[in-house]
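Working through the structure, step by step
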Amino acid sequence: MGVLAIKPPALDQISLVRSAEPGGGSSSFPGVPAVDLSGPGAAAAVVDACERFGFFKVVNHGVPARVVDRLEAEAASFFARPQAEKDASGPADPLGYGSKRIGRNGDTGWLEYLLLAVDHHQAAAVSKPGSPVPSSSLLREAVSEYVGAVRGVAARVLEAVAEGLGVAPRDALSGMVSGAASDGVLRVNHYPPCPLLQRLPDSCSVTGFGEHTDPQLVSVLRSNGTPGLQLALRDGRWVPVPPDRDAFFVIVGDSLEVLTNGRLKSVRHRVVANSLKPRVSMIYFAGPAPEQRIAPLPELLGHGEQGVYREFTWGDYKKAAYRSRLGDNRLDPFRRRA
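Predicted model, so just to flag it, every value in this text is computed and none were measured.

With respect to the overall build of the protein chain
Summing up its helical and strand segments, the protein chain has 8 helices and 16 strands in all. Relative to all contacts within the protein chain whose residues are 6 or more apart in sequence, the contacts with residues 24 or more apart total 75%. Entry remark: accessible area of the protein chain is about 14,400 Å², with carbon and sulfur atoms responsible for 52%.

Here's what the structure looks like:
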């Protein structure tokens, strides 16, 4: 993949993390569950994976490889452009092109990225007029085709969640993220090889994207064959996630945790830099319309039971998320107090 490295910042600009041990240092992690959405028992398998890990991978997902490969190639082409051309699409505020700085609140990482708002017809970046992101028809077409495919994966996952939890109608959750007003976002991350790692002990890694949870209902992630993604188990141990070019990884977000009254919990995850190979990941965040109420589904509350979190709208939560640091517990301010 012909991508260029970004200019190396000083070590003190990007935080270091302790390297995760294979299996989290224990045999208790059986590996990332794989779910065939078209197979028997898919709904139960999805709910089980979400309850145990908040994370699983979807196989036999039906997304053509050419759709994935096309976007990956167009992303590589964009990131290989001269830095001045890329900078014309930024700085990300919050959408557009960003390099090293993640958001407005001091988070940094060894990466550059595109953050794009998407709708049912096209992809667009809210950045400077005439920037190369919206004017690149090949990239825009690749994004639109890709988003159309992975939006379907997200909808099928949420339908399986509803079925597995006994929520009716079947589209009670998927309908939130598939309507014309739904708030979908695509993030394309490029992590160049990191020469800084050659000066560090094996016990340390350089942060690519710091630990966080995703605020939407679910995220659908796909990356090239370079490792780096890590997952926090429920006991706080970090485990590496082996790459799988043929699968999509699904991540439970904060909003789904609230909608299920904490039965399915969002999962903390992060990316660490690789010393030799570039990593490109493409994450579709399935969000509802800004005015969508986020509150526990009635079927998941016992008689007279209150929700763990107070009700909010997606628009309000999204604003709060943008004001926070990556590692903050974004849901904590919305938790009901005794």
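What follows picks up the thread again.
Observations regarding helix 2 (residues 65-79)
When the terminal C-alpha atoms of helix 2 are compared, their 21 Å separation across 15 residues agrees well with the 21 Å that a helix rising 1.5 Å per residue should span. Every buried residue of helix 2 is listed here: Val 67, Val 68, Leu 71, Glu 72, Glu 74, Ala 75, Ala 76, Phe 78 and Phe 79.

So, the sheet that holds strand 11 (residues 238-240)
Spatially, 1-8-13-10-11 is the arrangement adopted by the 5 strands of the open sheet, whose pairing is antiparallel. With one partner strand each, in any of the chains shown, strand 1 (16-18) and strand 11 form the two edges of the open sheet. On average, each strand axis in the sheet is inclined to that of its neighbour by 45°, with strand direction left out of account.

Topic: the pairing of strand 14 (residues 279-286)
A large share of strand 14 lies buried, amounting to 8 of its 8 residues. The sheet contact formed by strand 7 (residues 184-191) and strand 14 spans 7 bridges and is antiparallel. Residue pairing across strands places Val 188 opposite Met 282, the latter belonging to strand 14. Taken together, the 6 bridges between strand 9 (residues 218-223) and strand 14 define a ladder with antiparallel strand orientation.

A short note on the pairing of strand 4 (residues 96-102)
A regular strand places its side chains on the two faces of the sheet in alternate fashion. Strand direction decides the pairing type here: strand 4 and strand 5 (residues 107-118), joined by 6 bridges, are antiparallel. Each residue of the ladder has a partner; that of Tyr 97, found in strand 5, is Leu 114. Linkage of strand 4 to strand 5, two consecutive antiparallel strands, is achieved through a turn of 4 residues, within which Gly 103 is found at a positive phi near 75°.

Quick word on the nonpolar core
By size, the foremost hydrophobic cluster in this structure holds 64 residues, and its most contacted members are Val 46, Phe 56, Tyr 146, Val 157 and Leu 186. At 14 residues, helix 5 (residues 137-165) tops the list of elements feeding residues into this core. The contacts of Val 46, once residues within four sequence positions are left out, are Val 35, Leu 37, Phe 56, Val 157, Ala 160 and Val 161. Grouped together as the second largest cluster of nonpolar side chains are 26 residues, Tyr 113, Tyr 191, Val 271 and Leu 326 included.

Observations concerning the packing of aromatic side chains
In total, this model carries 8 aromatic pairs according to the counting rule given. An aromatic cluster of at least three residues, connected via ring pairs, comprises Phe 312, Trp 314, Tyr 317 and Phe 334. The aromatic ring of Tyr 322 is capped on one face by Arg 104, whose charged end is 6.0 Å from the ring centroid. Geometry around Tyr 113 places Arg 187 over its ring, the cationic atom sitting 4.4 Å from the centre.

A word on the side chain of Thr 207
Assignment of secondary structure puts Thr 207 in strand 8 (residues 204-212). Residue Thr 207 is classed as buried on the basis of its relative accessible area, which comes to 4%. Only 2.9 Å separates the side chain of Thr 207 from the backbone oxygen of Ser 15, close enough to count as a polar contact. Excluding anything up to four places from it in sequence, Thr 207 contacts Ile 14, Ser 15, Leu 16, Val 17, Thr 108, Gly 109, Trp 110 and Val 271.

Things to note about the packing of helix 2 against helix 5
Interhelical geometry of helix 2 versus helix 5 gives an angle of 145° and a closest axis separation of 9 Å. Every pair of crossing elements has a handedness; the one defined by helix 2 and helix 5 is left-handed. In this structure, helix 2 contributes Arg 66, Val 67, Val 68, Arg 70, Leu 71, Glu 74, Ala 75 and Phe 78 to the contact, and helix 5 contributes Leu 138, Leu 139, Glu 141, Ala 142, Val 143, Glu 145, Tyr 146 and Ala 149. Class assignment of the residues belonging to the contact of helix 2 with helix 5 gives a composition of 11 nonpolar, no polar and 5 charged.

Thresholds applied
Residues numbered from 1 in each chain as written. Predicted model: local features only at pLDDT ≥ 70, side-chain atom pairs only at ≥ 80, totals over all residues. Heavy atoms only, no water. Helix = DSSP H or I, 4+ residues; strand = E, 2+ residues; numbered from the N terminus. Contact = heavy atoms within 4.5 Å. Areas by Shrake-Rupley, 256 points an atom, 1.4 Å probe, with all protein chains shown as cover. Expected span 1.5 Å × (residues − 1). Buried < 20%, exposed > 50% of the residue type's maximum accessible area, 1.4 Å probe, protein only. Pairing = 2+ DSSP bridges. Axes fitted to C-alpha atoms, helices over the stretch in contact; angles between N-to-C directions. Core = buried A, V, L, I, M, F, W, Y, C linked by side-chain atoms within 4.5 Å. Phe/Tyr/Trp six-rings, centres within 6.5 Å; stacked < 30°, edge-to-face > 60°. Lys NZ or Arg CZ within 6 Å of the ring centre and 35° of its normal. Polar contact = N/O pair within 3.5 Å; in protein donor to acceptor, adjacent residues only side chain to side chain. Left-handed = near helix turned anticlockwise from the far one by under 90°. Nonpolar A, V, L, I, M, F, W, Y, C, P; charged D, E, K, R; others polar.

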